[in-house]
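Structural overview for review
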Amino acid sequence: MFDGITNGLRSALSVLGRGGKLTESNIRDGLAEIRKALLEADVHYDVATSFIKRCTEQAIGEKVLKSLRPDQQIVGIIHQELCNLMGPADPSLHLRRDGLNKIMMCGLQGSGKTTTCGKLARMLKEQGRRPMLVAADLQRPGAIEQLQIVGQQLDVPVYSEAPGGSSPLKVCVNGLAAAKQAGVDVVIFDTAGRLHVDADLMNELEQIDRKVQPDQILLVCDAMTGQDAVNSAKAFNAALELDGIILTKLDGDTRGGAAISVKEVTGVPIKFIGTGETLDRLEPFHPDRMAGRILGMGDVVSLFEKAQKEFDADEVELQQQRMMEGKFSLEDFAKQMKMIRRMGPLGDLLKMIPGLGGLAATVPGMDADKDMGRIEAIISSMTPYERRHADRIDRSRRHRIARGAGTDPADVNRLIKDFGNMAGMMQKMSGLGPMDKMRAMKGMADGGMLNPGSQLTSAKERSKRGPADPKEADEKRKKARKEAKKQKKRNR
Ligand SMILES: Nc1nc2c(ncn2[C@@H]2O[C@H](COP(=O)(O)OP(=O)(O)OP(=O)(O)O)[C@@H](O)[C@H]2O)c(=O)[nH]1
Ligand SMILES: [Mg+2]
């Protein structure tokens with residue numbers, strides 16, 4: 001997302017950073033470029049204009065021009081102004097501990113209301129709440145069933161009525177009563193959308209608002225619709241006094257302008273962003289992180305939070321233990337791989353790391369997800385015995401596994417070798433002090449060992465190159481032979 005803005009800002013900033021000497025006139029030129037980039041990204045005209053005015057005033061101030069790195073100072077100013085535009089942050093739903101919390105969702109047709117109801121319910125459940133969904137969209141055929149499916153997926157109750165004899169208002173009132181009776185603590189009303197803001201829809205929503213008295217009215221806005229999203233937000237806010245905005249579809253190639261202007265135009269905070277179709281793709285909105293993303297500085301904080309959530313700490317510790325004891329098997333390896341994959345497509349993760357943002361898109365032939373998929377396929381074609389005793393995989397087993405995984409036996413071989421190297425190193429490292437550990441890690445990273453899949457795709461090319469470190473490979477082979485002999489003896 002935000003590629004347009006990011007690239008525009010980058011080129012403008014490189015104008016500012018070039019030549020060393022910044023003057024008032026080239027700062028103005030650079031900022032004018034940024035304004036253009038913002039407009040192209042669908043940022044509201046007035047918002048872009050006043051934003052650039054504020055940045056310019058500060059940037060041409062004496063303090064900036066006389067500072068050591070004026071270009072950095074200017075990036076700082078833009079970052080801060082972006083935060084001011086999109087913030088302050090308020091990702092809380094202000095839920096009470098006791099009693100029933102009522103959340104009403106609204107938005108145009110197809111903006112993502114029903115999906116976001118599910119995402120919110122999932123998030124609340126994770127926080128230990130007991131949510132219930134109410135299907136108040138009687139407009140679109142299939143809408144009730146869609147919400148029911150979401151509820152089933154999450155194991156969350158859904159209140160609905162047959163569309164024939166009921167009205168959205170009735171469904172909400174009855175749904176509220178059902179929620180009270182069921183003893184849930186959050187009830188979320190999924191309402192109908194319309195193609196455009198119209199009086200009919202607003203009437204319906206206002207009636208529900210008056211009768212149900214929601215604690216939070218959240219507008220779901222499709223970020224891909226740019227200015228339209230911002231304009232509809234204005235209209236919804238005028239009728240309903242929104243408590244928060246959820247911007248959806250901030251994945252894909254959204255131009256992102258809506259995220260920048262919607263708070264400024266409506267005064268309503270953005271609470272969450274939707275970054276994918278699946279129900280786990282909801283993130284609290286952080287203006288500073290978003291500003292960082294827009295400026296292409298990466299989003300390390302989000303990345304680490306994601307990692308923390310997806311990695312099962314106990315499992316990781318258990319695996320470390322197994323590594324140290326030399327018991328780390330291909331089965332553990334596959335588990336680790338799964339954990340990494342749960343964090344999302346690798347391309348997405350790369351984009352969040354500063355400096356690597358462009359990498360995912362620019363390195364030809366790089367398809368880390370495919371490589372990881374291949375490794376998983378290879379490991380899952382093995383028998384449990386083989387996963388625990390990788391050293392026992394001989395030629396015929398190798399061929400069988402390769403057939404099962406739809407790859408080359410050379411790939412299977414490579415994976416087993418890489419895995420053997422990694423497990424061996426890990427075991428060695430467990431006896432080292434922290435500094436030596438770091439050195440060893442660096443060695444592993446340089447040798448590509450921390451990313452065993454990275455070389456799977458070019459079996460042919462590799463055979464030309466030979467092993468990365470012949471001496472080490474030799475030693476490994478010797479050790480393996482010794483092990484095999486010992487094992488044979490034991491078996492006799
Ligand atoms: N890529 C992406 N797609 C999303 C996101 N949120 C929702 N969608 C998709 O957008 C489409 C519409 O979503 P719904 O949740 O049905 O939208 P709605 O507002 O309930 O639509 P109506 O009930 O017809 O008014 C679906 O295909 C969703 O999968 C998101 O954050 N990212
Ligand atoms: Mg819907």
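Residues numbered from 1 in each chain as written. Chains lettered and ligands numbered in written order. Predicted model: local features only at pLDDT ≥ 70, side-chain atom pairs only at ≥ 80, totals over all residues. Heavy atoms only, no water.

Some details on the side chain of Gln216
Inspection of the secondary structure assignment puts Gln216 in strand β5 (residues 216-222). Dropping the residues within four chain positions of it, Gln216 is found in contact with Ser92, Leu93, His94, Lys102, Ile103, Met104, Asp243 and Lys271. (Helix = DSSP H or I, 4+ residues; strand = E, 2+ residues; numbered from the N terminus. Contact = heavy atoms within 4.5 Å.)

Notes on helix α2 (residues 24-40)
With 17 residues, α2 should reach 24 Å at 1.5 Å per residue; the first-to-last C-alpha distance of 24 Å fits that figure. Of all the residues in α2, the buried ones are Asn26, Ile27, Gly30, Leu31, Ile34, Ala37 and Leu38. When α2 is viewed along its axis, its buried side chains cluster within an angular range of 135° and face the same direction. (Expected span 1.5 Å × (residues − 1). Buried < 20%, exposed > 50% of the residue type's maximum accessible area, 1.4 Å probe, protein only. Arc of directions from axis to C-beta.)

Looking at the environment of His44
Of note, His44 is situated in the loop between α2 and α3 (45-59). C-alpha of His44 to C-alpha of Val262: the two residues are 218 residues apart in sequence and 8.5 Å apart in space. Apart from residues no more than four positions distant in its own chain, His44 is found in contact with Leu39, Gln227, Ser261 and Val265. Separated by 3.3 Å, the side chain of His44 and the backbone nitrogen of Asp46 make a polar contact. (Polar contact = N/O pair within 3.5 Å; in protein donor to acceptor, adjacent residues only side chain to side chain.)

Here we look at the packing of helix α9 (residues 199-212) against helix α10 (residues 227-240)
For the pair α9 and α10, the least separation of the axes is 10 Å and the interaxial angle reads 40°. With respect to α10, the element α9 is oriented oblique. Crossing angle aside, the handedness with which α9 passes α10 is right-handed. Packed against α9, whose contacting residues are Leu201, Met202, Leu205, Glu206 and Asp209, the element α10 presents Ala235, Phe236, Ala239 and Leu240 at the interface. Of the residues that constitute the contact of α9 with α10, the class distribution is seven nonpolar, no polar and two charged. (Axes fitted to C-alpha atoms, helices over the stretch in contact; angles between N-to-C directions. Parallel < 35°, antiparallel > 145°, perpendicular 65-115°, else oblique. Left-handed = near helix turned anticlockwise from the far one by under 90°. Nonpolar A, V, L, I, M, F, W, Y, C, P; charged D, E, K, R; others polar.)

Things to note about the confidence of the model for the protein
Reading fine detail from the predicted coordinates is not recommended where pLDDT is low. Here the protein shows a mean pLDDT of 78. Residues at 70 or above account for 66%. Scored below 50 in pLDDT, residues 354-366 makes ten contacts in the model with residues more than four places away or belonging to other chains. Counting contacts from residues 444-468, a segment whose pLDDT is below 50, to residues more than four positions away or on other chains yields 41 contacts. (pLDDT = per-residue confidence, 0-100.)

Quick notes on the sheet that holds strand β1 (residues 101-106)
One open sheet accounts for eight strands, arranged β3-β2-β4-β1-β5-β6-β7-β8; its pairing is mixed. Every interior strand has two partners, whereas the edge strands, β3 (158-159) and β8 (282-284), have only one. Of the strand pairs in this sheet, strand β2 (residues 131-136) and β3 are connected by two bridges, and their pairing is parallel. If you follow Val134 over to β3, its bridge partner there is Tyr159. Across the sheet, helix α11 (residues 257-266) is in contact with β6 (244-248) and β7 (270-274); its angle to β6 comes to roughly 165°. (Pairing = 2+ DSSP bridges.)

With respect to the site of ligand 1
Close contacts around ligand 1 come from 20 residues, with Thr114, Thr115, Arg140, Asp251 and Glu277 the closest. With respect to ligand 1, the side chain of Thr114 contributes an N or O atom lying 2.7 Å from an oxygen atom. Arg140 is positioned such that a nitrogen or oxygen atom in its side chain is 2.7 Å from an oxygen atom of ligand 1. Look at ligand 1: alone it shows 650 Å² of surface, and the protein chains cover 82% of it. At four residues, helix α6 (residues 113-126) tops the list of elements feeding residues into the shell around ligand 1. (Near = heavy atom within 4 Å. Areas by Shrake-Rupley, 256 points an atom, 1.4 Å probe, with all protein chains shown as cover.)

Quick word on the nonpolar core
With 89 residues, the main nonpolar core has Leu120, Ile188 and Phe236 as its most contacted residues. With seven residues, the single largest contributor to this core is helix α5 (residues 70-86). When sequence neighbours within four positions are dropped, the list of residues in contact with Ile188 reads Ile103, Met105, Cys117, Leu120, Ala121, Leu124, Met132, Leu133 and Val134. In this structure, Ala334, Ile401, Ala402 and Leu415 belong to the second largest nonpolar core, which totals 17 residues. (Core = buried A, V, L, I, M, F, W, Y, C linked by side-chain atoms within 4.5 Å.)

Observations concerning the pairing of β6
Summarising burial for β6: five of the five residues are buried, a large majority. In β6, alternate side chains face the same way, and those of Gly244, Ile246 and Thr248 on one face and Ile245 and Leu247 on the other are all buried. Relative to β6, β5 runs parallel, the two sharing five bridges. Within the sheet, the bridge partner assigned to Asp222 lies in β6 and is Thr248. In this region the chain leaves β5, passes through α10 and returns to the parallel neighbour β6; the handedness of that crossover is right-handed. (Right-handed = clockwise from strand over helix to strand, strands pointing away.)

Overview of the pairing of β5
The element β5 is extensively covered by neighbouring structure, given that seven of its seven residues are classed as buried. Side chains Gln216, Leu218, Val220 and Asp222 of β5 all project onto a buried face; the interleaved residues Ile217, Leu219 and Cys221 project onto the opposite face, where all are buried too. The pairing of β1 with β5 spans four bridges and is classified as parallel. Each residue of the ladder has a partner; that of Cys106, found in β5, is Leu219.

Quick notes on α11
Burial within α11 is extensive, with eight of its ten residues counted as buried. Listing the buried residues of α11 in full gives Gly257, Ala258, Ala259, Ile260, Ser261, Val262, Lys263 and Thr266. Remark: Gly267 follows α11 within two positions and exhibits a positive phi of approximately 75°.

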